[in-house]
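Residue strings, one per chain:
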Amino acid sequence: MKDSNFLKEHNAKSIWHPMAHPADSQANPPTIVTRAQGVRITDLDGHETVDAVGGLWNVNLGFSCQPVKDAIAGQLDTLPYYSTFRGTSNDQVIQLAEELRRFFAPDGLTRAFFTSGGSDSVETALRLARQYHKIRGEAGRTKFLSLKKGYHGTHMGGASVNGNANFRTQYEPLLPGCHHIPAPYTYRNPLNESDPARLAQLCLQALEDEIAFQGSGTIAAFIMEPILGAGGVIPPHESFMPGVRDICTKHGILLIADEVITAFGRTGSWSGSRHWGVQPDLMATAKAITNGYFPFGAVMITGSVAEVFENDRTGAAAIGHGYTYSGHPVGAAAALACLAETEKLNVPENAATRGTQLHRGLLDLRDKHSLIGDVRGGHGLMCALELVSDRESKTPIDKATIGTVQEVAYQSGAMVRVSGPNIILSPPLILTEEDADVILGALDDGLTAAAR
């Protein structure tokens, strides 16, 4: 490997980083992470921190999950790759599909379509939703509904249903027929409602109104995250997702649960849909399915949708969609090992306990620091601080100040993620009580420094 001087000199010189301005990455070189173990990462200078980002919501089992590493190494020696396009398969992906069918049985999901990651999974779900209606003779159902503040990846379809202008504006025009309703976001919403239960009902009314305006016979699917993640960790009231499910059922609209973040234990339940007692028609998964060790994803499909495809005799159900790496045997082997370890450790239990600890600690920090406008969490290990320069007016924090919070927190022992005015926490689900205290202490230091 090149020495540290070379790496620092060429940091961001020839690489464009996702979700960043290329010039900004050059002016403010990214942290170079070179090692990781457990829930801690180490940078090029040897500085070690607790990774409160969890890689990118995906390293649920930490960086030392040997069974997954062994599965990857072993599969590379046996069958490093083969296609699963029509006519061929592999032993690992067949076993994985059966394990996922068992795992997601409480969600009513019985089939798997494999992808290379989260954006691929969302794209697949959107395409299958349109095809489902065409097979049934309702070719006019082509539109998609989603939530403002929602995040659904970066493909053109995902960007089109995204509810954040940052992922849309520079790439428009996007997919036509994508419409958004207000998110149940109590801190900021156009309905001027701060009561979670009341806001949930108002958003459901907005959904009904949009369906009536568009015409239910034109809508293919509604896509939502059970808890909005990248948009700032926005948990809805417990009545919201069940209400969406009822409305979709009433109007013949498919419900797509985007669980790229929430599947496999992060919410304190095995899936985000299960957390709210809802069975979706399709579920997009990725990230923690291999603990982040291999790019992989799966769209899970309910039995009623699968039957429409499998009972077709016209040829309309032939799936003209897929990826070179769909059902990759190495990814499938990693996912099998990861799922076994995830269940063995019963990670939702620890996610719920440590999530409560973090959430309470963040509420205490709000009492101490006026920069904190809102604290969100309370559902497993996904929490956020929304920072403001003025609590009364809710003026968002400036980039430099929140950057100070992040940098000082890092120097004090915790890597945290900044997204707009939000500091987002999504640490590994094996986090200990002591690790959580380190995160809280580091944030305290960062907020103190920023307020000076």
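Just so it is clear, the structure is predicted and the values come from calculations on it, not from any experiment. (Residues numbered from 1 in each chain as written. Predicted model: local features only at pLDDT ≥ 70, side-chain atom pairs only at ≥ 80, totals over all residues. Heavy atoms only, no water.)

> Tell me about unusual backbone geometry, and please be specific about residues and values.
Trans is the common state for peptide bonds, and a negative phi is the common state for residues other than glycine. In this model, E172 is joined to P173 through a cis peptide bond whose omega is 5°. Within the fold, P173 resides in the loop between α7 (156-161) and β6 (178-181). Positioned with a positive phi, N291 is a non-glycine residue whose angle comes to about 60°. With respect to the helices, strands and loops of the structure, N291 is situated in the loop between β9 (282-285) and β10 (297-302). (Helix = DSSP H or I, 4+ residues; strand = E, 2+ residues; numbered from the N terminus.)

> Can you lay out helix α15 (residues 433-450) for me, pointing to particular residues and giving the numbers?
When the terminal C-alpha atoms of α15 are compared, their 26 Å separation across 18 residues agrees well with the 26 Å that a helix rising 1.5 Å per residue should span. Within α15, burial applies to D435, A436, I439, L440, A442, L443, D444, G446, L447, A449 and A450. (Expected span 1.5 Å × (residues − 1). Buried < 20%, exposed > 50% of the residue type's maximum accessible area, 1.4 Å probe, protein only.)

> Tell me about the pairing of β10, residues and numbers included.
For β10, the tally of buried residues reaches six of six residues, placing the bulk of the element in the interior. As defined by bridge partners, strand β4 (residues 109-115) adjoins β10 across six bridges and the pair is classed as antiparallel. Along β10, the bridge assignment pairs F113 with V299. Across four bridges, β9 lies against β10 in antiparallel orientation. Bridge pairing links L282 to I301 in β10. (Pairing = 2+ DSSP bridges.)

> Please provide a residue-by-residue account of the packing of helix α14 (residues 399-411) against α15, values included.
Direction vectors running N to C along α14 and α15 enclose 140°, while the axes themselves pass 7 Å from each other. When the axis of α14 is compared with that of α15, the two are oblique. α15 is crossed by α14, and the crossing has right-handed handedness. For the pair α14 and α15, the contacting residues are T401, T404, V405, V408 and A409 in the first and A442, L443, D445, G446, L447, A449 and A450 in the second. In terms of residue class, the contact of α14 with α15 is made up of eight nonpolar, three polar and one charged. (Axes fitted to C-alpha atoms, helices over the stretch in contact; angles between N-to-C directions. Parallel < 35°, antiparallel > 145°, perpendicular 65-115°, else oblique. Left-handed = near helix turned anticlockwise from the far one by under 90°. Contact = heavy atoms within 4.5 Å. Nonpolar A, V, L, I, M, F, W, Y, C, P; charged D, E, K, R; others polar.)

> Could you give an account of the state of the cysteines, with specific residues and numbers?
Overall, the coordinates contain zero disulfides when judged by the stated rule. Lacking any disulfide linkage, C65 is separated from the closest cysteine sulfur, that of C338, by 6.2 Å. (Disulfide = S-S within 2.5 Å.)

> Which residues make up the sheet that holds strand β3 (residues 48-51), and what values go with them?
Hydrogen bonds between backbone groups are what pair the strands of a sheet, and the pairing can be parallel or antiparallel. Spatially, the four strands line up as an open sheet ordered β1-β2-β3-β14, and their pairing is mixed. Whereas interior strands pair on both sides, the edge strands pair on one side only; in this sheet they are β1 (33-37) and β14 (414-415). As paired elements, strand β2 (residues 40-43) and β3 share three bridges and run antiparallel to each other. Across the sheet, the residue bridging to T42 is E48, located in β3. Sheet contacts for α15: β2, β3 and β14; angle to β3, the most-contacted strand, approximately 105°.

> Any details on the nonpolar core? Residues and values, ideally.
In this structure, L100, F222, V244 and F264 are the most contacted members of the largest nonpolar core, which totals 54 residues. Per-element accounting of this core gives the leading share, six residues, to helix α8 (residues 196-214). In terms of nonpolar packing, the next biggest core, distinct from the first, is built from 41 residues, V347, L362, I372 and L447 among them. (Core = buried A, V, L, I, M, F, W, Y, C linked by side-chain atoms within 4.5 Å.)

> I'd like a description of the sheet that holds strand β8 (residues 254-258), backed by residues and values.
Read across the sheet, seven strands follow the order β4-β10-β9-β8-β7-β5-β6 without closing on themselves; strand pairing throughout is mixed. Strands with a single pairing partner mark the edges of an open sheet, and in this sheet they are β4 and β6. This sheet shows a mean twist of 20° between the axes of neighbouring strands, independent of strand direction. Strand direction decides the pairing type here: strand β7 (residues 219-224) and β8, joined by four bridges, are parallel. Paired with M224 across the strands is A257, a residue of β8. On the sheet, helix α5 (residues 91-103) packs against β4 and β10 and is oriented at approximately 140° with respect to β4.

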